[in-house]
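# Understanding the architecture of this molecule
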Amino acid sequence: HHSVNRFVCTPPVSTVTRPTKLQKAVADILNESELPRTLIAKDAELGRATLESWLSGLRNPSPESLTQVADGLERRADRLQKLAARLRKLLNDIG
């Protein structure tokens, strides 16, 4: 029987840095979206841990990953616009 270190995923304190300007800018954009991070990650086809690693300063997002996030936000915006249009049509139909 050997003990399991529960803190394997926690980096040493010395490797934790303040977020870079890029990470801060990404965090600001994601926060402004007012969408839950789990939803942003799902829409971007990324893991939530990936987003969290950017926001915590552990990793820098790659250009490809940022493109996935932008694409995911655009797809969600498109779906929301289509839903709004359906509601407006309903209003016109009953009005």
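A quick note: this is a predicted structure, and the numbers were derived from the prediction, not measured.

How each quantity is defined
- Every chain begins its residue count from 1, and numbering advances along the sequence as written.
- Two thresholds apply to this predicted model, a pLDDT of at least 70 for residue-level local features and 80 or more for giving and counting side-chain atom pairs, whereas whole-chain, interface and lining totals are computed over all residues.
- With hydrogens and water excluded, all non-hydrogen atoms of the structure serve as input to the side-chain values.
- By the criteria applied, helices consist of DSSP H or I runs no shorter than four residues and strands consist of E runs no shorter than two, each listed in order from the N terminus.
- Accessibility here uses a 1.4 Å probe with only protein chains present; expressed as a share of the type maximum, an area under 20% marks a residue as buried, one over 50% as exposed, and anything in between as partly exposed.
- Joining through side-chain atoms within 4.5 Å is the link that ties buried Ala, Val, Leu, Ile, Met, Phe, Trp, Tyr and Cys residues into a set, and such a set is a nonpolar core.
- We call two residues contacting when some pair of their heavy atoms lies within 4.5 Å.
- Salt bridges are defined as contacts in which a side-chain nitrogen from Lys or Arg sits within 4 Å of a carboxyl oxygen from Asp or Glu.

Located in the positive-phi region is E34, a residue other than glycine, with phi close to 60°. Topologically, E34 is positioned in the loop between α1 (21-33) and α2 (37-44). Here E45, not a glycine, exhibits a phi torsion of approximately 60°, which is positive. Taking the relative accessible area as the measure of exposure, E45 reaches 67% and is therefore exposed.

Judged by nonpolar contacts, V26, A27, L30, I40, A41, A44, L46, L51, W54, L55 and V69 together constitute the single largest core of 11 residues. At the level of secondary structure, the elements contributing two or more residues to this core comprise α1, α2 and α3 (48-55). In this structure, W54 is in contact with Q23, V26, L46, R59, N60, P61, S65, L66 and V69, ignoring residues within four places of it in sequence.

What follows is about the side chain of R76. Within the secondary structure, R76 sits in helix α4 (residues 63-94). Sequence-distant contacts of R76, that is, excluding residues within four places in its chain, are made with L35, L39 and D43.

Right, let's talk about the pattern of salt bridges for a bit. Evaluation of the coordinates by the stated rule reveals seven salt bridges. The salt bridge partner of D28 is K24, with a shortest N-O separation of 3.3 Å. A residue pair is termed a helical-turn pair when its members lie 3 or 4 positions apart in one helix, as D28 and K24 do in helix α1 at four residues. You can call K24 partly exposed: its relative accessible area is 49%. One salt bridge in this structure joins R76 and D43, with 2.4 Å as the shortest N-O distance.

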